[in-house]
Each structure stands twice: as C-alpha cells, then as structure tokens.
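# Residue-level structural notes
So you can see what is in the structure, the chains are spelled out below.
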Amino acid sequence: MEKVLIFGHKNPDTDTICSAIAYADLKTKLGANVEAIRLGEVNGETAYALQHFQVEAPRLVENVADEAKEVILVDHNERQQSANDIEKVRVIEVIDHHRIANFETSGPIYYRAEPVGCTATILNKMYKENGIVIDKQIAGLMLSAIISDSLLFKSPTCTAQDVAAARELAEIAGVDADAYGLEMLKAGADLSDKTIAQLISLDAKEFQMGNAKVEIAQVNAVDVNDVLSRQVELEAALNTIIEDKGLDLFLLVVTDILNNDSVGLALGASAHIVEKAYNVTLSDNKAVLKGVVSRKSQIVPVLTDTFNAQ
C-alpha cells in the first residue's frame, strides 16, 4: 500500500496544519498508510498550539509528486492554493469548508464539504461516524483549529456545530476553551519579529474572481498599527507581488482580534472594487471594514460578486 499524503493549503494556518494531523490520525487508525505534511512555514499561532499539546509539526514538502501518487486535501480545494505540482498527482479525497472553485478530477473522489466554520468540525463528526475515540493531543489540536478559524467563536462563519465541537474537544483536551483560545490568538497576533515578507505571506490566498486575479492576505493583530505603521514598506512589497503575478488586486486585511473590525489595504488596478464592494472610500489606499473578520464569508464572496457585476 503506497503512502498517501494529506495536506492543506499554502501559507498554512492552524486549521490547515491541525486538520492534516487529525485526519492522518483518523485514517491511520482506520488502516490507511498516510502522512500529514505541510506546504509552508508554521505561523506563531499554530506553533503555540503544537507546543502546548506537544505535537511535532508535519514535515515540509515542496513537490508532492516526488513522494506520492495520491493525495488528500484538507481545508482547501482551489488548485492555485495547493501544491505547485498538484496536477501531477491524483486527488482521492477532499475535506473542506470553503467554496469550490478551479477544481476537477479525472476520476471518482470522496468529497466532503460542509458550511461550517472549520475543517476540524467536520473531522470531529467523522471520528464519531467511524467509532474512533479522539486522543487528548489530537482533540487539543482540533480545538485550536476551531478557535483559530472562528476567532474564538466571534466570526460570522462560526456555527452552533463549531461551538459544540469545540466544547467537546476542550473537555477531552483538558483545557478551558476560552482561556486557552485567547492565549493562542495573542500568540498568533505577536508580530514584533515578523518581516514585511512574512506579514504579507503568513495567511495569503489567491483567487480567481470573474476575469480578475486577486490575492487576499489576512493578518490578526491586537493593535492594527503594529502592521500599518510599516505601510510604505508593505506597499512596496505588495506592488512587486502584483507585478510579478499579474494581479488585478492585492488586499491586505489587518484584523483587530479584540474589536472585531479590520482595516483593508488595497492595491492594484482594481483597488476601486473594494470601495464599491463595501461602500467605503480608500484614503491613502486604506479603509476601515467595520465588523469584517472573515475572509471566507465577508470578503471573498463580496468581492467575487462585485467583480462579476462589472
């Protein structure tokens, strides 16, 4: 039985890393030969979770086709967000909670996508469906994923299912979800040692929106000025990426995890789309996006609709 690799998207976040580990654990207990890997560096928030629950990060793999013929995707499906050589392997499963776009396979596939706030919430169901008990460490990582994706249950993407799963997993993991979650989010929001390149790539995803090529990066902060005070450097780096990738829009979203608002820094020929989408005026390329914290539900669909309406 050849090994199957399990991984999430590039620039991995906590859900991507922790769900890959959790699904590899479940598949292994069901008799499969699988390994969780990652496509990028582990961020500070995820590192906090892994250290707290004493789990090693999956190893970094750049070209998946060098190691496997079949792969399983978690927390993503869009090909531009996946492995660089994804077209050279067969995707046999997808476990995800995002929109479906730019994705097709040549053969049958197990595809599970649910409109919940986190991939780990789906995996919690799958453990139960297969009668597999979740270990303490895995429960802790799954809890961390839900806390991350839901901004400690404050995101509009958070559902009752996510909250229920988190409470169950916190009990198994032996932690208080709210106290642990706040410390984990603060660890992820410590940007003091981050370079400009790290800030704009920590959680960046590329999207096709109508005929437009868009990249959206999101950074969580306790104080948005920790990021925006470096705007001149940020804009220089973003303009280089826009030119190199042929982007129509790069939107950097800096989210205040305490007040649940964001500031958007929009660059590119289609920056005006942000103004139209949110009925705001960009001043010095920035605008406050009141109540916007979720890229998945409050940014991607809104911008996509606005681009399509042109």
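So, a few notes on the structure that sits alongside this text. Everything quoted here is computed from the prediction, not taken from an experiment.

### Here's the deal with helix 3 (residues 119–129)
- Of all the 11 residues making up helix 3, 8 are buried; the element is thus mostly covered by neighbouring parts of the structure.
- Buried within helix 3 are the following residues: Thr119, Ala120, Thr121, Ile122, Leu123, Asn124, Met126 and Tyr127.
- Taken together, the buried residues of helix 3 touch helix 1 (14–29), strand 4 (70–74), strand 5 (90–96), strand 6 (110–113), helix 4 (136–150) and helix 5 (160–173).
- Glycine 131 sits one or two residues past helix 3 and shows a positive phi near 65°.

### Brief notes about the side chain of lysine 194
- Relative to the helices and strands, lysine 194 is located in the loop between helix 6 (177–188) and helix 7 (196–201).
- In this structure the side chain of lysine 194 is engaged in a polar contact, spanning 3.2 Å, whose partner is the side chain of aspartate 193.
- Each residue touching lysine 194, except ones within four places of it in the same chain, is listed here: Leu199, Leu202 and Arg230.

### Some words on the pairing of strand 9 (residues 249–256)
- With 8 of 8 residues buried, strand 9 is to be regarded as a mostly interior element.
- The alternating pattern of strand 9 places Leu249, Leu251, Val253 and Thr255 on one face and Phe250, Leu252, Val254 and Asp256 on the opposite face, and all of these are buried.
- Note: strand 8 (residues 212–221) against strand 9, 8 bridges, orientation parallel. Each residue of the ladder has a partner; that of isoleucine 216, found in strand 9, is leucine 251.
- Note: strand 9 against strand 10 (residues 261–267), 7 bridges, orientation antiparallel. Counterpart to valine 254 in the pairing with strand 10 is valine 263.
- Adjacent in sequence and paired antiparallel, strand 9 and strand 10 are bridged by 4 residues, among which asparagine 260 carries a positive phi angle near 60°.

### Points about the sheet that holds strand 4
- A sheet is described by the order of its strands in space; here 6 strands give the open sequence 3-2-1-4-5-6, paired in parallel fashion. On the outer flanks of this sheet lie strand 3 (59–60) and strand 6, each paired with one strand and no other.
- The pairing of strand 1 (residues 4–7) with strand 4 spans 3 bridges and is parallel. Within the sheet, the bridge partner assigned to phenylalanine 7 lies in strand 4 and is leucine 73.
- Contacting strand 1, strand 2 (34–38), strand 4 and strand 5, helix 1 crosses the sheet at an angle of about 175° to strand 2.
- Across the face of the sheet, helix 3 comes into contact with strand 4, strand 5 and strand 6 while running at roughly 100° to strand 5.

### Details of the nonpolar core
- In terms of nonpolar packing, the biggest core is built from 54 residues, with Tyr23, Met142 and Leu143 touching the most fellow members.
- Leaving out residues up to four positions away in the same chain, leucine 143 has contacts with Ala166, Leu169, Ala170, Val175, Ala177 and Tyr180.
- With 23 residues, the next largest nonpolar core counts Ile216, Leu251, Val253 and Ala266 among its residues.

### As for the packing of helix 4 against helix 6
- Between helix 4 and helix 6, the least distance of the axes is 10 Å, while the angle of their chain directions is 65°. In terms of their interaxial angle, helix 4 and helix 6 are classed as roughly perpendicular. Read as a crossing pair, helix 4 and helix 6 show a hand that is right-handed. Here Leu143, Ser144, Ile147 and Ser148 of helix 4 come into contact with helix 6, specifically with Ala177, Tyr180, Gly181, Met184 and Leu185.
- For the contact of helix 4 with helix 6, a count of residues per class yields 6 nonpolar, 3 polar and no charged.

### Observations concerning the pattern of salt bridges
- Throughout the structure, instances matching the rule amount to 22 salt bridges.
- Where lysine 29 meets aspartate 25, a salt bridge forms, and the shortest distance between an N and an O atom there is 3.3 Å. Of this pair, lysine 29 and aspartate 25 both sit in helix 1, 4 residues apart, which is roughly one turn of the helix.
- The closest approach of N and O atoms between glutamate 114 and lysine 125, which form a salt bridge, is 2.5 Å. One end of the pair, glutamate 114, is in the loop between strand 6 and helix 3; the other, lysine 125, is in helix 3, and 11 residues separate them in sequence.
- The class for lysine 125 is partly exposed, based on a relative accessible area of 24%.
- Through salt bridges that share partners, Lys3, Glu35, Arg59 and Glu67 make up one connected network.

The rules behind each value
- Residues numbered from 1 in each chain as written.
- Predicted model: local features only at pLDDT ≥ 70, side-chain atom pairs only at ≥ 80, totals over all residues.
- Heavy atoms only, no water.
- Buried < 20%, exposed > 50% of the residue type's maximum accessible area, 1.4 Å probe, protein only.
- Helix = DSSP H or I, 4+ residues; strand = E, 2+ residues; numbered from the N terminus.
- Contact = heavy atoms within 4.5 Å.
- Polar contact = N/O pair within 3.5 Å; in protein donor to acceptor, adjacent residues only side chain to side chain.
- Pairing = 2+ DSSP bridges.
- Axes fitted to C-alpha atoms, helices over the stretch in contact; angles between N-to-C directions.
- Core = buried A, V, L, I, M, F, W, Y, C linked by side-chain atoms within 4.5 Å.
- Parallel < 35°, antiparallel > 145°, perpendicular 65-115°, else oblique.
- Left-handed = near helix turned anticlockwise from the far one by under 90°.
- Nonpolar A, V, L, I, M, F, W, Y, C, P; charged D, E, K, R; others polar.
- Salt bridge = Lys/Arg side-chain N within 4 Å of Asp/Glu carboxyl O.

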